[in-house]
Amino acid sequence: MQKKVTIAPSIMCADLCNLEKSVKEIEREGLDTLHIDVIDASFSPSMPLGISTIEQLRKITDMKFDVHIMSNDNEFFIQEMLKIGVDQITFHIETSRHIDRYINLIKKHDTKVGIALNPATPLSVLEYVLPQCDTVLLMLINPGFATDKNEEQVSYASKKVQDLSNLIKSKGLDTKIEVDGRVSLNTISGLVNAGADILVAGSTSLFKSDNSLADNKKRIEELILEGLYEEAK
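Summarised in this report is the structure supplied together with it. The shown structure was predicted, so the numbers you read here are calculated from the model rather than taken from an experiment. (Residues numbered from 1 in each chain as written. Predicted model: local features only at pLDDT ≥ 70, side-chain atom pairs only at ≥ 80, totals over all residues. Heavy atoms only, no water.)

## Things to note about the packing of aromatic side chains
Working step 1: Scanning the entire structure with this criterion turns up two aromatic pairs.
Working step 2: Here the aromatic rings of Phe76 and Phe77 are separated by 5.0 Å at their centres, their planes lie at 75 degrees, and the arrangement is edge-to-face.
Working step 3: Residue Phe76 is classed as partly exposed on the basis of its relative accessible area of 39%.
Working step 4: Pairing Phe91 with Tyr102 gives two aromatic rings, centres 5.4 Å apart and planes at 85 degrees, and the pair type is edge-to-face. Separated by eleven residues along the polypeptide, Phe91 in strand β4 (residues 88-92) and Tyr102 in helix α4 (residues 99-107) bring together distant segments of the chain. The same class applies to Phe91 and to Tyr102, which are both buried.
Working step 5: Across the ring face of Phe65, the terminal group of Arg58 is positioned such that the distance to the ring centre comes to 3.8 Å. (Phe/Tyr/Trp six-rings, centres within 6.5 Å; stacked < 30°, edge-to-face > 60°. Buried < 20%, exposed > 50% of the residue type's maximum accessible area, 1.4 Å probe, protein only. Helix = DSSP H or I, 4+ residues; strand = E, 2+ residues; numbered from the N terminus. Lys NZ or Arg CZ within 6 Å of the ring centre and 35° of its normal.)

In structure tokens, the structure reads:
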């Protein structure tokens, strides 16, 4: 059976003045997961959506909310997202003093848990917590600099995905690998081939301005199939 690769549109790359319209358009394309960045403007120099905006979004759609917290105060945002009722909460290991406490707090609410790693953070930090993770999110650019069009995906992106995939398999786990940051039409097939399960799709793929959302989605699906075909060879 061919594995399923999830396209998770990054809402911060949609039309922020017409969020409901953007979400409905994404829904019409049959996508069921929305990637939502929660940023504190300290850990990362950005703050696209406030808590109350996410709360309002929850009322207008049944899509799965895949929340990525980029903050120096994880517990506050974890508690707020649990109140809203999201499907997965991912927090950064670099800013977490009490990792197991956060994992247990999220799991207690029957919510999936993810741990995010910045590009240069080694996979060795996952040694003890990997079995508790539903997802590991690998940042492929530095968090929050998506608007800097000159920042390219790190050169070791595919290698890191491949290494994580091998680590997960060696432990007999089914942890998903999520990739975030310049997941573009040029890099998708390679990332899928390396083992990515969830693609955070933003301005260089699903929301690429020179094509419609439908056309971009079709192209992404073709690239996913290419990556899976290469992986199977």
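On we go.
## Concerning the pattern of salt bridges
Working step 1: Inspection of the entire model under this criterion finds 13 salt bridges.
Working step 2: Across the salt bridge formed by Asp197 and Lys3, the nearest N and O atoms sit 3.2 Å from each other. Placement of Asp197 in the loop between α6 (188-194) and β8 (198-201) and of Lys3 in the segment before β1 (6-9) is noted, with a sequence separation of 194 residues between them.
Working step 3: Lys3 sits in the partly exposed class, given a relative accessible area of 26%.
Working step 4: Through salt bridges with shared partners, a single ionic network connects Lys218, Arg219, Glu222 and Glu226. (Salt bridge = Lys/Arg side-chain N within 4 Å of Asp/Glu carboxyl O.)

## Regarding unusual backbone geometry
Working step 1: The backbone phi angle of Ala41 is positive, close to 65 degrees, even though this residue is not glycine.
Working step 2: As for its placement among the helices and strands, Ala41 is situated in the loop between β2 (33-39) and α2 (51-60).
Working step 3: When its relative accessible area of 42% is taken as the criterion, Ala41 is described as partly exposed.
Working step 4: A positive phi is found at Arg182, a non-glycine position, where the angle reads about 55 degrees.
Working step 5: Along the chain, Arg182 turns up in the loop between β7 (176-180) and α6.
Working step 6: Here Arg182 falls in the buried class, since its relative accessible area comes to 12%.

## Quick look at the sheet that holds β4
Working step 1: Pairing is parallel in the open sheet, where eight strands are placed in the order β1-β8-β7-β6-β5-β4-β3-β2. At either margin of the open sheet sits one strand with a lone partner, and together these are β1 and β2. Here the average twist between neighbouring strands, direction ignored, is 25 degrees.
Working step 2: Inspection of the sheet shows β1 paired to β8 by four bridges, in the parallel sense. (Pairing = 2+ DSSP bridges. Axes fitted to C-alpha atoms, helices over the stretch in contact; angles between N-to-C directions.)

## Side note on the packing of helix α1 (residues 19-28) against α2
Working step 1: It is at 11 Å that the axes of α1 and α2 come closest, and there the two elements cross at 45 degrees. Looking at the two axes, α1 sits oblique to α2. The hand of the α1/α2 crossing is right-handed. Counting all contacts with α1, which are made through Leu19, Glu20, Val23 and Lys24, the residues of α2 involved are Thr53, Leu57 and Ile60. (Parallel < 35°, antiparallel > 145°, perpendicular 65-115°, else oblique. Left-handed = near helix turned anticlockwise from the far one by under 90°. Contact = heavy atoms within 4.5 Å.)

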